[in-house]
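A look at the structure
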Amino acid sequence: PFPCQHKEGRELKVSLESNYALCYLKLQDWSKARDAATRCLKWQAAHIKALFRRATAVMELGDFEAALRDLQELTTQQADDPAT
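In short, a report on the structure.

Calculation criteria
- Residues numbered from 1 in each chain as written.
- Predicted model: local features only at pLDDT ≥ 70, side-chain atom pairs only at ≥ 80, totals over all residues.
- Heavy atoms only, no water.
- Helix = DSSP H or I, 4+ residues; strand = E, 2+ residues; numbered from the N terminus.
- Expected span 1.5 Å × (residues − 1).
- Buried < 20%, exposed > 50% of the residue type's maximum accessible area, 1.4 Å probe, protein only.
- Arc of directions from axis to C-beta.
- Contact = heavy atoms within 4.5 Å.
- Polar contact = N/O pair within 3.5 Å; in protein donor to acceptor, adjacent residues only side chain to side chain.
- Core = buried A, V, L, I, M, F, W, Y, C linked by side-chain atoms within 4.5 Å.
- Patch = residues over 30% accessible without salt bridge, like charges linked within 9 Å, V, L, I, M, F, W, Y side chains within 5 Å.
- Areas by Shrake-Rupley, 256 points an atom, 1.4 Å probe, with all protein chains shown as cover.
- Salt bridge = Lys/Arg side-chain N within 4 Å of Asp/Glu carboxyl O.

1. Examining helix α1 (residues 7–26)
Relative to the 28 Å expected for 20 residues at 1.5 Å per residue, α1 spans 29 Å between its end C-alpha atoms, a close match to the ideal helical length. Listing the buried residues of α1 in full gives K13, V14, E17, S18, A21 and L25. Projection of α1 onto a plane perpendicular to its axis shows the buried side chains occupying an angular sector of 125°, all on one side. Turned more than 90 degrees away from the buried face of α1, the exposed residues are E8 and K26. If you follow the buried residues of α1, they end up packed against α2 (30–43) and α3 (48–60).

Put into structure tokens, the structure is as follows:
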């Protein structure tokens, strides 16, 4: 784990893990994409991009129930955010 005591450090960790997930998706490394998105979500549970990226990865891995859970959470988060 990445010990972040400062807000900037946590935000950097979230951004890095989300971007790792995107890179792994582009490489079609579904397991690593899932893992990176999950690490991002441990730091920020409502991270919309990470939820979508993990849903994509687990769908490609054949875990359709997990993908559906992430997509349902994503739609809940979007409904709660008037900016989306």
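2. Comments concerning the environment of K13
If you trace the backbone, K13 turns up in helix α1. K13 sits 26 residues away from R39 along the chain, and the two C-alpha atoms are 9.0 Å apart. Of the polar contacts made by the side chain of K13, one reaches the side chain of E17; its length is 2.5 Å.

3. Things to note about the environment of H47
Summarising the element assignment, H47 is placed in the loop between α2 and α3. Placed 10 residues apart in sequence, H47 and A37 show a C-alpha to C-alpha distance of 9.2 Å. Here H47 is in contact with V14, S18, C40 and L41, once residues within four sequence places are set aside. From its side chain, H47 meets the backbone nitrogen of A50 in a polar contact 3.0 Å long.

4. A few points about the nonpolar core
Generally speaking, nonpolar side chains in soluble globular proteins are found buried as a group. V14, C40, L41, A50, L51 and L74 together form the largest nonpolar core, which totals 6 residues. Breaking this core down by element, the ones donating at least two residues are α2 and α3. What V14 contacts, discounting residues up to four positions off in sequence, is C40, W43, Q44 and H47.

5. Side note on a nonpolar patch on the surface
A cluster of nonpolar side chains, contributed by L12, L16 and Y20, occupies part of the molecular surface with about 280 Å² of accessible area. Following the sequence through the fold, Y20 ends up in helix α1. The exposure class assigned to Y20 is partly exposed, which follows from its relative accessible area of 42%.

6. Side note on the pattern of salt bridges
The full count for this structure, using the stated rule, is 5 salt bridges. Its salt-bridge partner being E11, residue K7 comes within 3.8 Å of it at the nearest N-O pair. Residue K7 and its partner E11 are both found in helix α1; the two are separated by 4 residues, about one turn of the helix. Among the residues examined, K7 registers a relative accessible area of 52% and is labelled exposed. Classification of E11 as partly exposed rests on a relative accessible area of 44%. Ionic pairing is found between R39 and E17, a salt bridge with its closest N-O pair at 2.9 Å. Of this pair, R39 sits in helix α2 while E17 sits in helix α1; the two residues are 22 residues apart in sequence, bridging distant segments of the chain. Owing to a relative accessible area of 35%, R39 belongs among the partly exposed residues under this scheme. A relative accessible area of 3% means that E17 is categorised as buried. If you follow the salt bridges from partner to partner, you end up with K13, E17 and R39 in one network.

Purely spatial values, then, with no claim about function.
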